[in-house]
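This is what each chain is made of:
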Amino acid sequence: MTEVIKILLIEDDEDDYFLTSDYLERCDSPKFLLTWATDSNSAIEALKQDTFDLCLLDFLLGAENALDVIDKLKANQYNLPVVILTGQSDSTVDEMVMRAGAADYLQKSEIESPRFMRTIRYALVRRDIENERMERNKVEQKNKAKDKFLAHLGHELRTPLTSILGYTELLIDDARNSPFQQELSIIHSNGKHLLSLLNDLLDMSRIMADKLELNMKEVNLAAFLTDIHSLMQLNAKDKGLSLHVVPKTKLPDFIRTDPTRLRQILINLITNAVKFTDKGSITLTIEMEPSKVSQQSENYAESKALESVLRFTVDDTGIGMAPDKLDNIFHPFEQIEDVMRANHGGAGLGLAICKELVCKLEGDISVSSKMGEGSSFSFFINPGSLSDQTFDELSLGQVAPVEPSNLNMQLTGKVLIVDDLREIRRLTGHLVSQSKADISYAENGVKALEAVLQADEQNAPFNLVLMDIHMPVMNGIEALHAIRRHGKDLPVIAVTAASRKGLKESLIREGFNDVIGKPIDRLALASLLTLYLPEDNPVTFSNVETQVSGMPINKPFAPERPEPRVKLDVPSPLKSQQEKLPTSKVKSAEHVEKQTQPSAKRVLVVEDDEDAAELLQLFLTHLGCEVVKSLCGSDALDAVDEQSFDHILMDLTLPDYDGYELAKKIKLQQTSCKLTIVSGHQADESTMRSIGIDSALLKPVTKNDLESILV
């Protein structure tokens, strides 16, 4: 089909119009469709009626010239290539029209020459290139706007979710609300479900924008799988199901992967298996298998690098799926109708995210299923180079039989739980909370050392440390050695998923007092706690729950704050007698006063959402902190200028300040103060390091999260 090019000719000389029209009509390819206008007004009317590929514009149009017409076209937002026609060449005029935005210029005597056709073609090509550039720019702007919108949406949704989940946790912890535990648990579980959907949407948006980055590192496979087992076997047990982890081959001690994303894949698949299984079991199978690429590759280096892959398979005995429904199951927003009718919920993003993550880990995922018999999801990943790895039999600790939910251990003291996974810290903390011990958390060996030293400085040392072995920054063994170098001989128990022969004896030789395996056996933990923690003194209320249960009815969440001390106006004669007291007695009185008022951490909360700020204050008050709230950046700077703080928690999105700029100013005023970002936005690690920000928490924030950064 012959191309048709639509041209708008703006020319006030009729002879020149006929000359141009006659030449264009004689062209066989491409074909030209010419529209004639005599001035700028008639040209704009023509542009309103039709669209054109090119404009031929005479330089002189009576009272107008080409520059005036180009300005009018721009003012009316008509963007098409313009070629200027001049009676004779003038370099000054040529430069002026090109600066005004013309695509090219021609002398009228050149209309019937090859240069005329070449100029038209060049102008059209430049138009196409410019249109493509503008379209790309529009797409980029739309993507930026979408990313900005999603980031804002994430922040706006996380902030109310913080209040929903946080206040519900406080209500659940209040012993007086025991008659409403079921209703509160429903609110809490649905809030967590909303948070999960939000995370899925944000993950999918990052994947579609190709902005999801991996954080590859060495991962201890046995410890990793044991943590997965510990987390998911509780979900299975709640439905009366059993969860098995079965190694089919010997497995490497370490693999190189992104542990966060691999954990996300496995938890998603196992959660789905639990959701769609009413009776029976879920089995996670792990095995090494030869890579198909290595079997087919003629390139030795490529073959060696991809010699083996690590395969995971999740089998369930659930409702299953029809074979004709499996083709679309990994597509975003796809849900099988039978599943939707079964009211299992979800946005249909989980499996799509799993597929994308598996592909990023250099693998693939597949599914097989039979209606009424169950489903099997299988995927493999590249485990990295295994040439230097030793392969062992995987042996996970056996799940303890179901005991009563509360062991009623009448123990007190302080326990520090150290683990790099927040979920495992919480799980272990839940088990320890069956006693009346105070619980603190640390996410790595460095934080653990800081917590131990700080507790000793405050004359409130820990009675026991439960220390995970495999952690980033500083592992458990290094942390133990550092604690011992500082002369601290408190009991430290190694928590490990490894099961090789002689490991327990080796860890005890390193200086650990005892060893407990993962998943943690509740009875074994109770035995260790009984051995190392003091018995409860009924006069001493050491745990938060007891404090909460004794609170007044009109303040159900926060313990009563002490009344401010009234500064008495002492008469002059008494002042003079007071000044004559021996210095030792004055110091003694001051010492007694300090003893009666134990030091509490002073924390500044900078949060523009009043509900979120109030919740953080309640959490921190429960943790024994003195809290000051600021609802904007300027108030925060005033507070920092007037008093010193041990820790500052601040949102990134404030009405009057950018969070990072505010952090810089705060750091200049209080260099020794710890600073933590608490935001619905993911904080940028490089920016945090450059400013000196210590840590970041993503909303919604729990009391355990706050406790882990305050140690």
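So, here is what we can say about the structure in this document. (Residues numbered from 1 in each chain as written. Predicted model: local features only at pLDDT ≥ 70, side-chain atom pairs only at ≥ 80, totals over all residues. Heavy atoms only, no water.)

1. Points about the overall build of the chain
Here's step 1: Counting secondary structure elements, the chain contains 25 helices and 26 strands.
Here's step 2: Burial statistics for the chain: of 711 residues in total, 45% are counted as buried.
Here's step 3: When contacts within the chain are restricted to residue pairs at least 6 apart in sequence, those whose partners lie at least 24 apart make up 72%. (Helix = DSSP H or I, 4+ residues; strand = E, 2+ residues; numbered from the N terminus. Buried < 20%, exposed > 50% of the residue type's maximum accessible area, 1.4 Å probe, protein only. Contact = heavy atoms within 4.5 Å.)

2. Some thoughts on the sheet that holds strand β20 (residues 492-496)
Here's step 1: The strand order β18-β17-β19-β20-β21 describes an open sheet built from five strands, whose pairing is parallel. A strand with exactly one partner marks an edge of an open sheet, and here the two such strands are β18 (438-442) and β21 (514-517). Looking at each pair of strands side by side, their axes are set apart by 20° on average, direction ignored.
Here's step 2: Judged from the four bridges that link them, strand β19 (residues 464-468) and β20 form a sheet pairing that is parallel. In the strand pairing of β20, D468 is matched with V495.
Here's step 3: Running at roughly 165° to β18, helix α13 (residues 422-432) makes contact with β17 (414-418), β18 and β19 of the sheet.
Here's step 4: Packing against the sheet, helix α16 (residues 503-510) makes contact with β20 and β21, and its axis sits at approximately 140° to β21. (Pairing = 2+ DSSP bridges. Axes fitted to C-alpha atoms, helices over the stretch in contact; angles between N-to-C directions.)

3. Some words on helix α15 (residues 476-485)
Here's step 1: Buried within α15 are the following residues: G476, A479, L480, A482 and I483. Buried residues along α15 cover an arc of 165° about the axis, so they all sit on one side.
Here's step 2: Elements in contact with the buried residues of α15: α14 (445-457), β19, β20 and α16.
Here's step 3: Of the residues that open α15, the one with a side-chain oxygen 3.1 Å from the backbone nitrogen of I477 is N475.
Here's step 4: Within two residues after α15, G487 carries a phi angle of roughly 80°, on the positive side. (Arc of directions from axis to C-beta. Polar contact = N/O pair within 3.5 Å; in protein donor to acceptor, adjacent residues only side chain to side chain.)

4. What to know about the packing of helix α6 (residues 181-208) against helix α12 (residues 350-360)
A packed helix pair is summarised by two numbers, namely the angle formed by the two axes and the spacing between the axes.
Here's step 1: Interaxial distance between α6 and α12 falls to 10 Å at its minimum, and their mutual angle equals 40°. Relative to α12, the element α6 is oriented oblique. In this structure, α6 meets α12 at a crossing whose hand is left-handed. Residues D200, D203, M204 and I207 of α6 pack against G350, A352, I353 and E356 of α12.
Here's step 2: In the contact of α6 with α12, the residues fall into four nonpolar, one polar and three charged. (Parallel < 35°, antiparallel > 145°, perpendicular 65-115°, else oblique. Left-handed = near helix turned anticlockwise from the far one by under 90°. Nonpolar A, V, L, I, M, F, W, Y, C, P; charged D, E, K, R; others polar.)

5. Notes on the pattern of salt bridges
Here's step 1: Under the definition given, this model contains 18 salt bridges.
Here's step 2: Two residues, D651 and K699, come together in a salt bridge whose shortest N-O distance is 3.7 Å. One end of the pair, D651, is in the loop between β24 (647-650) and α23 (659-669); the other, K699, is in the loop between β26 (695-698) and α25 (703-710), with 48 residues separating them in the sequence.
Here's step 3: For K699, a relative accessible area of 2% translates into the label buried.
Here's step 4: Three or more residues are tied together by salt bridges with common partners; here these are E607, D651 and K699. (Salt bridge = Lys/Arg side-chain N within 4 Å of Asp/Glu carboxyl O.)

6. Digging into the nonpolar core
Here's step 1: Counting residues in hydrophobic clusters, the biggest one holds 51 residues, and the most contacted among them are L225, L269, L284, L310, F312 and F379.
Here's step 2: Residue contacts for F312: discarding those within four places in its chain leaves L225, L262, L266, L284, T285, I286, F377, S378, F379 and I381. (Core = buried A, V, L, I, M, F, W, Y, C linked by side-chain atoms within 4.5 Å.)

7. Focus on the environment of K292
Here's step 1: Within the element layout of this structure, K292 appears in helix α9 (residues 292-296).
Here's step 2: When the C-alpha atoms of K292 and E307 are compared, they prove to be 8.6 Å apart, with 15 residues separating the residues in sequence.

8. Considerations on the packing of helix α7 (residues 221-238) against α13
Here's step 1: Their axes nearest at 10 Å, the elements α7 and α13 cross at an angle of 60°. The angle between α7 and α13 places the two elements in the oblique class. In this structure, α7 crosses over α13, and the sense of that crossing is left-handed. Contact residues: α7 offers D227, S230, L231 and L234, while α13 offers E423, I424 and L427.
Here's step 2: Here the residues of the contact of α7 with α13 sort into four nonpolar, one polar and two charged.

9. Thoughts on the environment of L675
Here's step 1: Note on placement: L675 falls in strand β25 (residues 674-679).
Here's step 2: Each C-alpha atom, one on L675 and one on L649, is 6.2 Å from the other, the two residues being 26 residues apart in sequence.
Here's step 3: Beyond its immediate sequence surroundings of up to four residues, L675 is in contact with H647, I648, M650, A663, K667, I693, D694 and S695.

10. Comments concerning helix α1 (residues 14-25)
Here's step 1: The terminal C-alpha atoms of α1 lie 16 Å apart, and with 12 residues this matches the ideal 16 Å at 1.5 Å per residue to within 8%.
Here's step 2: Where α1 is concerned, the buried positions are D16, Y17, T20, S21, Y23 and L24. Take α1 and look down its axis: the buried residues cluster within an arc of 165°, on one side only. Those residues of α1 that are exposed and angled more than 90 degrees off the buried face are D15 and E25.
Here's step 3: Near the N-terminus of α1, the side chain that reaches the backbone nitrogen of D15, with its oxygen 2.9 Å away, is that of D13. (Expected span 1.5 Å × (residues − 1).)

11. Describing the sheet that holds strand β7 (residues 104-107)
Here's step 1: Strand order in the open sheet formed by five strands is β2-β1-β3-β6-β7, and the pairing between neighbours is parallel. Edge positions in the sheet fall to β2 (31-37) and β7, since each has one partner strand and no second. Taken pair by pair, the neighbouring strands of this sheet meet at an average axis angle of 25°, ignoring direction.
Here's step 2: The pairing of strand β3 (residues 54-58) with strand β6 (residues 82-86) spans four bridges and is parallel. Looking at the pairing, D58 lines up with L85 of β6.
Here's step 3: Against the sheet, helix α3 (residues 66-75) contacts β1 (4-10), β3 and β6, and its axis sits at roughly 145° relative to β3.

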